[in-house]
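Architecture at a glance
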Amino acid sequence: QVQLVESGGSLVQPGGSLRLSCVASGIAFSGYGMGWYRQAFGKQRELVATITSLRNTGYTDSVKGRFTIFRDNAKNTVYLQMNSLKVEDTAVYYCSAERLRITVPPSEDAYWGQGTQVTVSS
């Protein structure tokens, strides 16, 4: 059974920081690309950050310089460090996994977590 379990979402003030975690099981983690998506209420899902099996990274323009994706293969975990958070970052954040790299649109063998809520508000 494949499972992706996100954690770390919470309420944070604008300008604050959060670190999201996603622990994967049931896959050969080091051979998978990992990604973070988010979906705000009433909005389409968007891909926020990706990291390949070789640790190449990519980010959507709106988070460049603020967010960092990284992975710890020994812990089967991918992280999203979010700094200088803005109100518009409010969304449910989802972890995804695909072999080698994240693709757009996601492939049929992509896996998804349940999501974790990030709310940026005073």
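Before reading on, note that the structure itself is shown above.
Quantities reported herein were computed from a predicted structural model and do not represent experimental measurements.

Details of the sheet that holds strand β3 (residues 18–25)
In spatial order, the strands read β1-β3-β8-β7; together these four strands make up an open sheet with antiparallel pairing. Every interior strand has two partners, whereas the edge strands, β1 (3–7) and β7 (67–72), have only one. Taken over all neighbouring pairs, the strand axes of this sheet differ in orientation by 15 degrees on average, direction set aside. With six bridges connecting them, β3 and strand β8 (residues 77–82) associate as antiparallel partners. When the sheet's bridge partners are listed, Leu18 is paired in β8 with Met82.

Quick notes on the pattern of salt bridges
Across all of its chains, the model carries five salt bridges by this definition. Note that Asp89 is salt-bridged to Arg38, the shortest N-O span being 3.0 Å. Placement of Asp89 in the loop between β8 and β9 (91–99) and of Arg38 in strand β4 (residues 32–39) is noted, with a sequence separation of 51 residues between them. For the pair shown, Asp89 and Arg38 are each scored as buried. Lys64 is the partner of Asp61 in a salt bridge, and the nearest nitrogen-oxygen pair spans 3.0 Å. Here Lys64 falls in the partly exposed class, since its relative accessible area comes to 48%.

Looking at the environment of Glu6
As for its placement among the helices and strands, Glu6 is situated in strand β1. Separated by 16 residues in the primary sequence, Glu6 and Cys22 have C-alpha atoms spaced 4.3 Å apart. Among all residues touching Glu6, those that are not within four sequence positions of it are Ser21, Cys22, Trp36, Tyr93, Tyr94, Cys95, Gly113, Gln114, Gly115 and Thr116. For Glu6, the side chain forms a polar contact with the main-chain nitrogen of Gln114, separated by 3.0 Å. One polar contact links the side chain of Glu6 to the main-chain amide nitrogen of Gly115, over a distance of 2.9 Å.

Digging into the packing of aromatic side chains
Enumeration according to the criterion identifies two aromatic pairs in this entry. Aromatic pair Tyr37 and Trp112: ring centres 4.8 Å apart, planes at 55 degrees, arrangement tilted. Remark: Trp112 occurs in strand β10 (residues 111–112) and Tyr37 occurs in strand β4; sequence separation between them is 75 residues. A ring pair is formed by Phe70 and Tyr79, whose centres lie 4.9 Å apart and whose planes are at 20 degrees; its orientation type is stacked. Overall, the relative accessible area of 29% leaves Phe70 in the partly exposed class.

Reading the values: the criteria
Numbers given to residues run from 1 along each chain, matching the order in which its sequence is written. Per-residue local features of the predicted model are confined to residues with pLDDT of at least 70, and side-chain atom pairs are confined, for both listing and counting, to 80 or more; whole-chain, interface and lining totals are unaffected and use all residues. In computing side-chain properties, one takes all heavy atoms of the structure into account and sets aside hydrogens as well as water. Two strands qualify as a pair provided DSSP detects at least 2 bridges between them. Where helices and strands are cited, they refer to DSSP runs of H or I of at least four residues and of E of at least two residues respectively, numbered from the N terminus. In this description, a line fitted to the C-alpha atoms serves as the axis of each element, helices being fitted only across the stretch in contact, and the angle between N-to-C directions of two axes falls anywhere from 0 to 180 degrees. Salt bridges are identified by distance alone: a Lys or Arg side-chain nitrogen within 4 Å of an Asp or Glu carboxyl oxygen. Summary of the burial criterion: residues with accessible area below 20% of their type's maximum are buried, those above 50% are exposed, and those between are partly exposed, where the area comes from a 1.4 Å probe applied to protein chains only. In what follows, a contact means two residues having at least one pair of non-hydrogen atoms within 4.5 Å. Pairing of N or O atoms within 3.5 Å defines a polar contact, subject to two protein rules: one partner must be a possible hydrogen donor and the other a possible acceptor, and residues neighboring in sequence count only if both atoms are side-chain atoms. When the centres of two rings from Phe, Tyr and Trp lie within 6.5 Å, Trp using its six-membered ring, the rings pair. Their planes under 30 degrees apart give stacked, over 60 give edge-to-face, and anything left gives tilted.

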